[in-house]
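Chain residues, written in single-letter form:
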Amino acid sequence: MKTVRVIPCLDVDNGRVVKGINFLELRDAGDPVQLASFYDSEGADELVFLDIAASPQAQETMIDVVRRTAEQVFIPFTVGGGIRNLEDARRILRAGADKVSVNTAAIERPQLVRELAEEFGRQCVVVAVDAKRTKADPRKFEIFSHGGRNATGLDATEWVQEVEGLGAGEILQTSMDRDGTLDGFDIEMLKEIGQECAVPLIASGGVGNLQHLVEGVLEGGADAVLAASIFHFGEHSISEAKHHLKKAGISIRPTP
Amino acid sequence: MTSAPVIAVLDYGIGNLRSAQKALEHLGAKAFLTNQEDLILSADAIVLPGVGSFGRCVTALEDCGLKEITKSAALEASKGGRPFLGICVGLQMLFSGSEETPGLNGLGIFDGNVSLLSNAEKLPQMQWNSLDSKDHAMFRQLSEDSWVYFVHSYAAPIGLYTVATCTYGEEICAAVAQKNLWATQFHPEKSGETGLQVLRNFLRLAGR
């Protein structure tokens with residue numbers, strides 16, 4: 001049976017969680033390690049750290065965050081942002097991350113996906129895709145690189161099939177039209193990409209309430225749902241999210 | 001337990017072995033990554049992690065010159081000797097071979113071939129799943145339907161040695177044990193508190 005994973009995403013800028021909130025339980029809500037540990041105790045199924053600074057100096061800081069997280073958090077976690085080559089990935093994985101996520105570097109050099117899969121196994125390789133509806137045809141989706149700044153001309157569905165063929169173990173798909181809107185996932189995009197995607201698909205971008213998570217799974221066909229704001233701002237707990245999914249008939253790992 | 005058990009985590013040049021070591025350290029064991037025969041043979045227990053493909057793991061083990069010593073350690077454990085824990089591909093390698101890499105011999109402690117999860121909707125199974133476990137020391141202090149984390153596309157055949165299964169398109173082998181030889185298809189080092197309890201149970205077996 002498919003069991004849907006609920007994944008909070010932590011944006012990290014030079015060792016600090018951006019959009020951090022004050023959970024009463026935490027002494028320092030800006031500390032990614034404390035927040036990761038908190039989400040683990042709440043029943044998060046996995047975690048994603050996104051290094052939004054992604055400079056060489058920030059990468060050192062990130063490696064320290066990964067090392068400290070791996071000492072106390074015993075659920076899978078993925079690190080993305082600024083991973084350009086095998087060596088960057090190796091350092092992140094050796095520090096204790098389970099998976100690395102690549103985006104722009106894979107667009108610039110698709111063979112990187114193959115190299116990562118051959119070196120570390122495809123279960124370690126998440127390809128993140130940021131896509132947007134095209135102006136010419138709103139049923140088509142175009143891939144953007146550099147954190148959504150640069151249009152690439154790549155068709156999202158074709159790109160996902162290509163990286164899957166190269167060895168992507170999972171696709172983390174973000175709708176740029178919806179990201180930050182709290183209007184819910186772009187269901188059509190999920191369906192469009194998902195129908196050709198044989199590996200697990202993580203939906204991201206736009207979650208504003210718990211029903212959106214249900215829609216992503218039941219209508220969009222997502223295998224996992226990723227959200228930031230609704231968890232970080234303390235609007236909903238992981239446990240509430242999971243109860244809501246379960247009520248909708250979706251299999252989830254029960255929270256502690 | 002009077003002193004912390006010393007655990008050799010076999011380091012044979014594949015992926016992320018660190019998480020198994022960190023989880024064991026977190027539980028108070030002296031766990032270290034090693035490919036040195038003398039250190040492996042002097043440890044209280046041995047852990048064989050494995051990620052990626054069957055072929056890649058078996059070949060890496062051969063290339064490090066560790067295949068024979070690993071095989072004899074696993075065999076010894078299966079007869080009640082020094083405890084041995086295989087994780088994920090570390091479980092699969094205990095079998096004769098795998099459909100994933102035909103023609104390459106595993107360690108052959110258990111008969112049978114590892115095969116593709118052919119009834120699965122999506123591969124790999126990359127998710128948490130609930131166990132249907134037997135009354136076995138591996139699951140001491142856990143409920144029969146504990147949730148653990150899996151990442152795999154292939155699974156070992158179900159046999160007398162199977163101590164837990166899960167359902168993913170079909171009933172699949174989730175853990176095996178024969179005396180002090182334990183192995184899990186799931187990742188105890190990534191299965192939160194439940195996984196830590198499995199590792200605690202293993203450390204108990206390895207306790208001085």
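Given the structure is predicted, the values throughout are model-derived calculations rather than measurements. (Residues numbered from 1 in each chain as written. Chains lettered and ligands numbered in written order. Predicted model: local features only at pLDDT ≥ 70, side-chain atom pairs only at ≥ 80, totals over all residues. Heavy atoms only, no water.)

Asks: Would you mind showing me how to read unusual backbone geometry here?
Replies: One can expect most non-glycine residues to show negative phi and most peptide bonds to be in trans. Of note, the bond from Leu123 of chain B into Pro124 of chain B is cis; its omega dihedral lies within 30 degrees of zero at -5°. Secondary-structure assignment places Pro124 of chain B in the loop between strand 6 (110–116) and strand 7 (125–130). Phi is positive for Leu182 of chain A, which is not a glycine, with a value near 65°. With respect to the secondary-structure elements, Leu182 of chain A resides in the loop between strand 9 (170–175) and helix 7 (187–194). On the accessibility criterion, Leu182 of chain A (42% relative accessible area) is partly exposed. The backbone of Gln141 of chain B shows a phi angle near 65°, a positive value even though the residue is not glycine. Mapping Gln141 of chain B onto the fold places it in the loop between strand 8 (132–133) and strand 9 (147–152). (Helix = DSSP H or I, 4+ residues; strand = E, 2+ residues; numbered from the N terminus. Buried < 20%, exposed > 50% of the residue type's maximum accessible area, 1.4 Å probe, protein only.)

Asks: I'm lost on the pattern of salt bridges in this one. Help?
Replies: Between side chains of opposite charge, pairing is possible as soon as their charged atoms come close. Residue and element names in this part refer to chain A. For the structure on display, the rule yields 21 salt bridges over all chains. In this structure, the salt-bridge partner of Arg5 is Glu46, at a minimum N-O distance of 2.5 Å. Of the two residues, Arg5 sits in strand 1 (residues 5–13) while Glu46 sits in the loop between helix 1 (32–42) and strand 3 (47–51), which places them 41 residues apart along the sequence. Judged by its relative accessible area of 1%, Arg5 is buried. Judged by its relative accessible area of 1%, Glu46 is buried. In the salt-bridge network here, residues are joined through shared partners; they are Arg5, Glu46, Lys99 and Glu170. (Salt bridge = Lys/Arg side-chain N within 4 Å of Asp/Glu carboxyl O.)

Asks: How do you make sense of the pairing of strand 5 (residues 99–102) of chain A when you look at a structure like this?
Replies: On a regular strand, each side chain points to the face opposite its neighbour's, so the side chains alternate between the two faces of the sheet. Residues and elements named next belong to chain A. A two-sided burial pattern is seen for strand 5, the buried positions comprising Lys99 and Ser101 on one face and Val100 and Val102 on the other. As paired elements, strand 4 (residues 77–80) and strand 5 share three bridges and run parallel to each other. Along strand 5, the bridge assignment pairs Thr78 with Lys99. One crossover worth recording links strand 4 to the parallel strand 5 by way of helix 3 (residues 86–94), and it is right-handed. Of the pairings in the sheet, the one linking strand 5 to strand 6 (residues 125–133) comprises three bridges and is parallel in character. Paired with Ser101 across the bridge in strand 6 is Val126. (Pairing = 2+ DSSP bridges. Right-handed = clockwise from strand over helix to strand, strands pointing away.)

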